[in-house]
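Read off the chains here:
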Amino acid sequence: MEVAASSAGPLRYTLDNPRLTFEQRKFYEDNGYLLFKKLIDEDFLDECRQRFVDLCDGRVSKGGMVLMRDISLAKQGGASGERLYNKLQDFIWDDVLSRYLLAPEVLDIAECMTGPNIMAVHTMLINKPPDSGHLTSRHPMHQDLHYFPFRPANRIVASWTAMEDIHERNGCLFVVPGSHRAGELYQHDYPDWEGGVNKAFHGVRGFDDFPKKMLTMAKGDTVFFHPLLLHGSGANLTKGFRKAISGHFAASECHYVDVRGTVQEGIAKEVEEMGQMRNMNISFQDAWRIRSRCVRGRESTMSMEPTLRSRY
């Protein structure tokens, strides 16, 4: 893969919208991410943290939300609550956490990539407890589009907000600037790491030598990035936690694609198997339909087209 020094021609990844300056649009076009300082109110983030702790401790019903455990901490035993769980997914209807997806500060920027009709399609509160010593709190380098059976990629964007100060020691995000412009979704597999890796933590191989940008962020800072951007995060080597809240947004006009015979076939099977473990016999595409919510504009017109092959 070659990453060009700068974009050329018309703007491809952003839409005309007064919320972004031309300089901001150009930075996103060239680099695939855009960082906003202190975008989200700190008091709200404290509410989100308390909600997560309450869910971990069983004081609040999970409903349709999913709590995931750190594999290494679970094997060691003794960890519980906030120290055991590294991810909460599918909070689209939670009374507290879903306010992040509806926040005008977030949606106004997402609209610059998706257009006015917006679906929240993936929601996570990501927690990095202190690492067990096996570095399982890392997240391998990956592309978010690997997990999504809908297109076009240019009308999808992630938002990721630091819930506390985040730096290299506690496992900040890193990105490969400009990697989205290769226009390619790469093969993802479980990394061959000592101590194992958490469920669905897939990564790409062969890109370790590419220059990485470490995203040091203060509480409330928010980064938006393209679903083909290569990114990951390091281990939490401190004694504290590293939390972030994240959502993916897609244009309602996006469509589902058939991933059979593509590099996404493996993750599709894995998602379907995880659904069966929860007594849900559903397709990869339907797994995403039930995890989505219209958060601005018209309801989703995202429709399954069984004969349409994956396009990037």
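Everything here concerns the structure above.
Described in the following lines is the structure provided in the data block.

Parameters and conventions
- Residues numbered from 1 in each chain as written.
- Predicted model: local features only at pLDDT ≥ 70, side-chain atom pairs only at ≥ 80, totals over all residues.
- Heavy atoms only, no water.
- Helix = DSSP H or I, 4+ residues; strand = E, 2+ residues; numbered from the N terminus.
- Expected span 1.5 Å × (residues − 1).
- Buried < 20%, exposed > 50% of the residue type's maximum accessible area, 1.4 Å probe, protein only.
- Polar contact = N/O pair within 3.5 Å; in protein donor to acceptor, adjacent residues only side chain to side chain.
- Contact = heavy atoms within 4.5 Å.
- Core = buried A, V, L, I, M, F, W, Y, C linked by side-chain atoms within 4.5 Å.
- Phe/Tyr/Trp six-rings, centres within 6.5 Å; stacked < 30°, edge-to-face > 60°.
- Lys NZ or Arg CZ within 6 Å of the ring centre and 35° of its normal.

Taking 1.5 Å per residue as the helical rise, helix H2 (residues 42-56) with its 15 residues ought to reach 21 Å, and the 21 Å between its terminal C-alpha atoms agrees with that figure. All of the buried residues along H2 are Phe44, Leu45, Cys48, Arg51, Phe52, Val53, Asp54, Leu55 and Cys56. The N-terminus of H2 is capped by Asp41, whose side-chain oxygen sits 3.0 Å from the backbone nitrogen of Asp43. Gly58, located one to two residues past H2, shows a positive phi value of around 80°.

Within helix H1 (residues 22-31), burial applies to Arg25, Tyr28, Glu29, Asp30 and Asn31. Along its buried surface, H1 packs onto strand S1 (33-36), helix H5 (104-114), strand S7 (156-162) and strand S10 (222-225). Residue Gly32 follows H1 closely and has a positive phi angle near 85°.

One finds Leu88, Leu97, Leu101, Ile245 and Phe249 to be the most contacted residues of the largest nonpolar core, which totals 40 residues. The set of elements that each furnish at least two residues to this core consists of S1, H2, strand S3 (85-89), helix H4 (99-102), H5, strand S4 (118-128) and strand S12 (242-251). In terms of nonpolar packing, the next biggest core, distinct from the first, is built from 24 residues, Met119, Tyr147, Trp288 and Cys294 among them.

Inspection of every chain in the model, using the stated rule, returns eight aromatic pairs. Seen from their ring centres, Phe150 and Tyr256 are 5.9 Å apart, and the 85° between their planes marks the pair as edge-to-face. Highlighted residues: Phe150 in strand S6 (residues 150-151) and Tyr256 in strand S13 (residues 255-258), separated in sequence by 106 residues. You can call Tyr256 buried: its relative accessible area is 2%. Note on Tyr186 and Phe207: the rings are 4.8 Å apart at their centroids and 50° apart in plane angle, and the pair reads as tilted. Taken together, the residues span a long stretch of sequence, with Tyr186 in the loop between strand S8 (173-175) and strand S9 (213-215) and Phe207 in the loop between S8 and S9 at a distance of 21 residues. As far as burial versus exposure is concerned, Tyr186 and Phe207 are alike and both buried. Taken together, the ring pairs connect Phe148, Phe150, Tyr256 and Trp288 into an aromatic cluster. In this arrangement the basic side chain of Arg289 is found over the ring face of Tyr256, its NZ or CZ atom lying 4.5 Å from the centre.

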